[in-house]
Amino acid sequence: MGGLVTRRWSEAGTVFFAVSGIGPELAGAASSLLMNYEQVGTEWRRGYPADAPCLEQAWRNFAGYIGPALRQAARLDPVPWRHALRELCRRTSGRPVRWWLTGSAALAARGAAIVPADLDVVCGVADAVVLSDLFADALLEPVVPTAADWISERWGRAFCGALIEWIGGARSFVDEPYVSDFGPAAAARLETVTFEDWQIRVPPLDLQRAVSVRRGRADRVALIDALATAAG
């Protein structure tokens, strides 16, 4: 797409995915979307074990969808988050996998006037692997164990019209020193909301409000207060 160039290579049992040619209109989005990639010159790259599950499909998807994903992250293209959420619900319906939404997508599912840039999903370690299988045709990255300082034990990313990202096994330190809206504390207080024909679990509004206050997101706080008022 445009001037983007993707490439793949192998070194000592590691397979690298890389993208370059990211212009100034996508630079900010790249810094956010590719935060777990290494930037070398004008190229962003990340390595995976050569035996990582779904590696070949993930590479094909990365090459085909990283451009649209970046454009959505930069808000240059619309984000069909409802379609992606329907797909998440449809693919997991009746399956042995438990997940919940957090971030702006959780607020949007409650009816907030917000368009999330992606879907932020939280699940257990085993559930993250199941999601990898359910989204094998749409994976952008293989789901593999993460470094000990990462926020979760597993990490997944797929593109179904819009970006779906999931963390599997959130580590306890994400609630230190302040409680997050995606860690164990939030998982213990989940609420259920209705999105179209599905029941979706989300964190309580007070936790999401506290996170938004700490981040200085006055606009997000106002949206949450409106939801709380509407709920009575």
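The following paragraphs examine the structure supplied in this document. (Residues numbered from 1 in each chain as written. Predicted model: local features only at pLDDT ≥ 70, side-chain atom pairs only at ≥ 80, totals over all residues. Heavy atoms only, no water.)

Re the sheet that holds strand 7 (residues 139-141)
Cut-off, in case you're wondering: Strand pairing is assigned whenever DSSP detects at least two bridges linking the two strands. Under the DSSP-based scheme used, a helix requires at least four consecutive residues in state H or I and a strand at least two consecutive residues in state E, with every element numbered from the N terminus. Note on geometry: axes are lines fitted to C-alpha atoms, helical ones only across the stretch in contact, with angles between N-to-C directions running from 0 to 180 degrees.
The five strands are arranged 5-6-9-8-7 in an open sheet whose pairing can be described as mixed. Every interior strand has two partners, whereas the edge strands, strand 5 (99-102) and strand 7, have only one. Pairs of neighbouring strands in the sheet enclose a mean axial angle of 30°, with direction left out of account.

A closer look at unusual backbone geometry
Omega for the bond connecting Glu176 with Pro177 falls within 30 degrees of zero, at -5°, which places this linkage in the cis form. Note on placement: Pro177 falls in the loop between strand 9 (163-170) and helix 6 (184-187). Of note in this structure, Cys54 is not a glycine but carries a positive phi near 60°. Structurally, Cys54 can be placed in the loop between strand 4 (43-49) and helix 2 (55-73).

So, the layout of surface pockets
Worth spelling out the cut-off: Cavities and pockets are found on a 1 Å grid laid over the protein atoms alone: a cavity is a set of points where a 1.4 Å probe fits but cannot escape, a pocket is an open set with protein on both sides within 12 Å along at least five of seven lines, and a lining residue has an atom within 4 Å of such a point. Grid points are joined across faces, edges and corners, and a volume is the space filled by probe spheres set on the points. Amino acid classes used here: Ala, Val, Leu, Ile, Met, Phe, Trp, Tyr, Cys and Pro are nonpolar; Asp, Glu, Lys and Arg are charged; the rest, including Gly, are polar.
Its boundaries defined by the atoms lining it, the largest pocket holds a volume of some 940 Å³. What lines the largest pocket is a set of 33 residues, and nearest its centre among them are Ser32, Asp118, Asp120, Glu165 and Arg215. Secondary-structure elements contributing two or more residues to the lining of the largest pocket are helix 1 (24-33), helix 2, helix 4 (103-110), strand 6 (119-123), strand 8 (152-159), strand 9 and helix 7 (205-214). In terms of residue count, strand 9 provides more of the lining of the largest pocket than any other element does, four residues in total. Broken down by class, the residue content of the lining of the largest pocket amounts to 17 nonpolar, seven polar and nine charged. The space that makes up the second largest pocket amounts to roughly 230 Å³. Around the second largest pocket, the lining is made up of 13 residues, and of these Thr92, Val97, Arg98, Trp99 and Gln199 lie nearest the centre. Put simply, the parts of the chain that give the lining of the second largest pocket at least two residues each are helix 3 (81-92) and strand 11 (198-202). The biggest single contributor to the lining of the second largest pocket is strand 11, with four residues. Taken together, the residues of the lining of the second largest pocket break down into five nonpolar, five polar and three charged.

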